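Listed here are the chains, written in short residue letters.
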There are 2 protein chains.
Amino acid sequence: MTITQAVPPGTLTRPGRRFTLSAQTLDSPVTPNPVFREWFAEQRRTNRYEVRRIPFRDLVGWRFADSTGNLVHDSGRFFSVEGLQVRAEWEGHAASWSQPIINQPEIGILGIVVKEFDGVLHCLMQAKMEPGNLETVQLSPTVQATRSNYTGVHKGARVNYIEYFAPPRTGSRVLFDSLQSEQGSWFLRKRNRNMVVEALGPVPAHEDFVWLTLGQIHQLLRESNVVNMDARTVLSLIPSYADEGPPLHSMEHLLNRLTEIKAHRELVQTSMPLAAVRNWRRTEDAIAHDSGHHFTVIAASVAAANREVTRWTQPLLAPAEQGLSAFLVRRIGGVPHLLAHARSEAGVLDVAELGPTVQCQPGRALTLPLPRRPRYLDLVLRADPGTLLYDTVQSEEGGRFHHAGNRYVLMEVGGEFPVDVPGDFLWVTAGQLSDLLRHSNYLNIEARTLLSALRAAWARGGAYAR
Amino acid sequence: MTITQAVPPGTLTRPGRRFTLSAQTLDSPVTPNPVFREWFAEQRRTNRYEVRRIPFRDLVGWRFADSTGNLVHDSGRFFSVEGLQVRAEWEGHAASWSQPIINQPEIGILGIVVKEFDGVLHCLMQAKMEPGNLETVQLSPTVQATRSNYTGVHKGARVNYIEYFAPPRTGSRVLFDSLQSEQGSWFLRKRNRNMVVEALGPVPAHEDFVWLTLGQIHQLLRESNVVNMDARTVLSLIPSYADEGPPLHSMEHLLNRLTEIKAHRELVQTSMPLAAVRNWRRTEDAIAHDSGHHFTVIAASVAAANREVTRWTQPLLAPAEQGLSAFLVRRIGGVPHLLAHARSEAGVLDVAELGPTVQCQPGRALTLPLPRRPRYLDLVLRADPGTLLYDTVQSEEGGRFHHAGNRYVLMEVGGEFPVDVPGDFLWVTAGQLSDLLRHSNYLNIEARTLLSALRAAWARGGAYAR
């Protein structure tokens, strides 16, 4: 099997057809790999910035509201840190807790411009720094803009290439467009608009931007902290290949199972004043849980060269430890299936979304008594490295999260692993996940990163190349 | 064209195929029309009940919570009447208001058992009284149960046929299953689970239940207040016919347009104490808006024979006037299209849902200055009766609403009506709406009633029969 063949012209952009991911071009006629490497190293060198942790009182434009203790911006825009009361009950489990949560009702745009050069599909990627990033600069989508960004509330520079995404879009054609959720444990019902558009004419160049093939991006996804979260979620929208073989369950059956899970779970989310959240303590520079687990809300001062505004302060959410997100992958009838877990996270919009088989902060999870530990966690932690199709640390959005690294794992399990699984787990194929991604709130963001990672694993060739 | 032909055996229940609605059986070998009429008249005669308006202080088990003024049940279950603050902004419009709203986080089941007799598909319908109904008894789905109902919190009788819908479902096969929204102006993010299941074996009879063909039900839908709201929404899930011709817009385009609308609209919903809602006044027997418009929250005492518990009191929401819900229907390229309006109602879960072209309380709407009146309202109010494919008053759910009648209209417009419409309107075919109904929160409940009504109009034959 060769993996150097080009994506056939027009296969992505012709409606109703899917391109074959095995046919990924691992190099680009527009941006050969060495050229990219040099450009990217230069971007990381020149886009230096300084992020300093500061006490909350040194935040400019941010304050704790008198009546609620919520951390808010003076403009009433951007986002706020509030309290959330959660009551969850299903299958004999009942839990009730309160926690800080980020409320950002605005829907931003995460969008990639694609275009064929010499018959090969390319994505226009941006080198972008974000204050909380692991590794300064990462590759982001062409456009990564909050509503405040692109409508000018931010008072910063205009957003490059926004005209390819905002109406009337005379220079582009929309290929994929849906609202997708972000971290349900940290955000209250947050979604961003994920878009892929095809440029219809010549696209002006810009020094912070580069054209890469899907194959190149998938190779980079095998490295840590190069392709940022926003790029990964947009990439996950691009369907993989046409003929993966028959899935274990029909789509109607999957929808039935998901509906059943949502109907049986009771999840009541009630906003509350941040000051009233129990077991969390606010000091002069942190809001932290008494146990030291979960996350901390901190404040940071940022100074950078090429961001919309060059100097600012903002709150950030810092996870207490590196997370773990892992899909078990098993061939069923010869067809690779992922074991998805229906997760009801605190801030979820629609009761439950499909997440990875295991998703947790393992340090905390291992302090739990065995029956309350995430199912299959031990299996993943004790995995033979030879079964790991993908095992890479990636960071979550650096605009909101401080050094939020997650270990992303795809672990192959064999025929000895049972096809019969507990009721909140579902075997799904990559193609079925792609179909669900035409709609909102079916897959959580960790699952979407792993869907992109699966394509990266396939692009590498080997056992799972097709 | 004949419309007396049977639905061909297995066409609904065979995966991936749709039955042809023109092939509706307008009579039933199991329940001939005269037999149904007699049975239904008898049901309405014997299932008498008395609904009396009472002061709030006479509610049993219900009270206004001290701290919030919310109207709550002592068990913490069922539903509550709370306050909601809404801030909406788009396309230059900005609005902000607060209002009472019903919060019912539990997801109930609305489900119809179907089965073929003599090769003809039948639905098992129930004669059910609800306290707020226009006309005492209406036809409801086989099962119409809140979570409290079927898990026994209600302390009433067990729910008939619930075993066809609740796992392990050994006697049935799920055909359609999705969460669908209810009135967004009156409910906070309310959904019920809408199901259609096929019975696999003999189904025991019960005196309150009757087998009717789809054709019979569609004929009954042309009468007022016979087929209840819950039956209408479940029926709307059953797709219509296979070959309606090419739609004006592809599904990808529709999803793109809807995503764009959701991303551009800002809708911030904040729960608040009912006591703090502005411009609403609570007296001893009503919570009403100062203008007299919108709706009133009242209390009622109900005594009935065959409901789960035979005597109870409860709050009801009474609309201030009869509503109007109308779709404009136009052939485009020979294919009938409905003009859907993306509506952001106060309690909507996901920013906007597709609703009818016009949906309002016309009495109030006509008091508004012209630029703020619902678009196309005048067109519908001044319609030539000959253009009305459907024009029937139906009532909304009698378990929550008191005498909530809506005039449902399908109005045919000709080639002089422009295909170019404002950005928050979308031309869609019935088939496209069916595809969207596999998922949640695309169509509001008024649009779903009208989708069922469209099939009733088609069943009648005439210009829109196929």
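Computed from a prediction, not measured in an experiment: that's the story for all the values here.

1. Topic: the pairing of strand β19 (residues 335-343) of chain A
Residue and element names in this part refer to chain A.
Part 1: Counted residue by residue, β19 has nine buried out of nine residues, so it is predominantly covered.
Part 2: Because side chains alternate across β19, one face comprises the buried residues Val335, His337, Leu339, His341 and Arg343, and the other comprises Pro336, Leu338, Ala340 and Ala342, equally buried.
Part 3: Two strands pair when backbone bridges link them, and strand β18 (residues 323-332) and β19 are joined in this way by four bridges, in the antiparallel orientation. Looking across to β19, one finds that Val329 is bridged to Leu338.
Part 4: Hairpin connection between β18 and β19: a loop of two residues separates the two successive antiparallel strands, and Gly333 in this loop has a positive phi of roughly 60°.

2. Digging into the interface of chain B and chain A
Part 1: Counting residues at the interface gives 35 residues for chain B and 35 residues for chain A.
Part 2: Taking both partners together, chain B and chain A bury about 3,200 Å²; carbon and sulfur atoms supply 44% of that area.
Part 3: Interface area lost by chain B to chain A is led by Glu266(B), Arg438(B) and His439(B), which between them contribute 16%.
Part 4: Between chain B and chain A we count 14 salt bridges in total.
Part 5: Its salt-bridge partner being Arg169(A), residue Glu260(B) comes within 2.6 Å of it at the nearest N-O pair.
Part 6: Linking chain B with chain A are 21 residue pairs in polar contact (both at pLDDT 80 or more), by the criterion used here.

3. Examining the relation of the copies chain B and chain A
In this arrangement, two copies of a chain are superimposed by a rotation about an axis accompanied by a shift along the axis.
Part 1: Take chain B, turn it by 180°, move it 0.0 Å along the axis, and it overlays chain A with an RMSD of 0.0 Å. Between the two chains, the operation in question is that of a two-fold axis.
Part 2: The share of interface residues of chain B whose copies in chain A are also at the interface is 100%, consistent with both copies meeting through the same surface.

4. Points about the pairing of strand β7 (residues 120-129) of chain A
All names here are of chain A.
Part 1: Where burial is concerned, most of β7 is hidden: ten out of the ten residues are buried.
Part 2: Burial along β7 is two-sided: the face carrying Val120, His122, Leu124, Gln126 and Lys128 and the face carrying Leu121, Cys123, Met125, Ala127 and Met129 are both buried.
Part 3: Two elements, strand β6 (residues 109-117) and β7, share four bridges in a ladder whose sense is antiparallel. In the sheet register, Lys115 faces β7, and the bridge partner there is His122.
Part 4: Following β6, the chain reverses through two residues before pairing antiparallel with β7; Asp118 in that reversal takes a positive phi of roughly 50°.
Part 5: Direction of pairing for β7 relative to strand β12 (residues 209-213): antiparallel, over a ladder of five bridges. Each residue of the ladder has a partner; that of Leu124, found in β12, is Trp211.

5. Describing the pattern of salt bridges
Part 1: A complete count under the given rule lists 48 salt bridges over all chains for this structure.
Part 2: Residue Glu89(A) is joined to Arg77(B) by a salt bridge in which the shortest nitrogen-to-oxygen separation is 3.9 Å. Of this pair, Glu89(A) sits in strand β4 (residues 80-90) while Arg77(B) sits in the loop between β3 (71-73) and β4 (80-90), which puts the two residues in different chains.
Part 3: When its relative accessible area of 31% is taken as the criterion, Glu89(A) is described as partly exposed.
Part 4: Using a relative accessible area of 22% as the deciding quantity, one classes Arg77(B) as partly exposed.
Part 5: One salt bridge in this structure joins Lys190(B) and Glu182(B), with 3.0 Å as the shortest N-O distance. Across this residue pair, the class does not change: Lys190(B) and Glu182(B) are buried.
Part 6: In the salt-bridge network here, residues are joined through shared partners; they are Arg77(A), Glu106(A), Arg147(A), Arg87(B), Glu89(B) and Glu266(B).

6. Re the packing of aromatic side chains
Part 1: This model, assessed by the stated rule, comprises 28 aromatic pairs over all chains.
Part 2: Judged by centre distance (5.5 Å) and plane angle (50°), the ring pair of Tyr376(A) and Phe417(A) falls under tilted. One end of the pair, Tyr376(A), is in the loop between α6 (362-365) and α7 (377-381); the other, Phe417(A), is in the loop between β23 (405-412) and β24 (425-428), with 41 residues separating them in the sequence. Of the two residues examined, Tyr376(A) and Phe417(A), each falls in the buried class.
Part 3: Between the aromatic rings of Tyr376(B) and Phe425(B), the centroid separation amounts to 5.2 Å while the plane-to-plane angle is 85°, which identifies the pairing as edge-to-face. Of the two residues, Tyr376(B) sits in the loop between α6 (362-365) and α7 (377-381) while Phe425(B) sits in strand β24 (residues 425-428), which places them 49 residues apart along the sequence.
Part 4: The class for Tyr376(B) is buried, based on a relative accessible area of 15%.
Part 5: Feature note: the residues Tyr376(A), Phe417(A), Phe425(A) and Trp427(A) constitute an aromatic cluster, connected by ring pairs.
Part 6: Taking the ring centre of Phe117(B) as reference, the NZ or CZ of Lys115(B) above it sits at 5.9 Å.
Part 7: The cationic tip of Lys190(B) hangs over the ring face of Phe187(B); the distance from NZ or CZ to the ring centre is 4.0 Å.

Scoring rules and cut-offs
Residues numbered from 1 in each chain as written. Chains lettered and ligands numbered in written order. Predicted model: local features only at pLDDT ≥ 70, side-chain atom pairs only at ≥ 80, totals over all residues. Heavy atoms only, no water. Buried < 20%, exposed > 50% of the residue type's maximum accessible area, 1.4 Å probe, protein only. Helix = DSSP H or I, 4+ residues; strand = E, 2+ residues; numbered from the N terminus. Pairing = 2+ DSSP bridges. Contact = heavy atoms within 4.5 Å. Buried area = accessible area lost by both parts, 1.4 Å probe. Salt bridge = Lys/Arg side-chain N within 4 Å of Asp/Glu carboxyl O. Polar contact = N/O pair within 3.5 Å; in protein donor to acceptor, adjacent residues only side chain to side chain. Least-squares fit on C-alpha atoms with pLDDT ≥ 70 in both. Phe/Tyr/Trp six-rings, centres within 6.5 Å; stacked < 30°, edge-to-face > 60°. Lys NZ or Arg CZ within 6 Å of the ring centre and 35° of its normal.

Geometry only, nothing functional implied.
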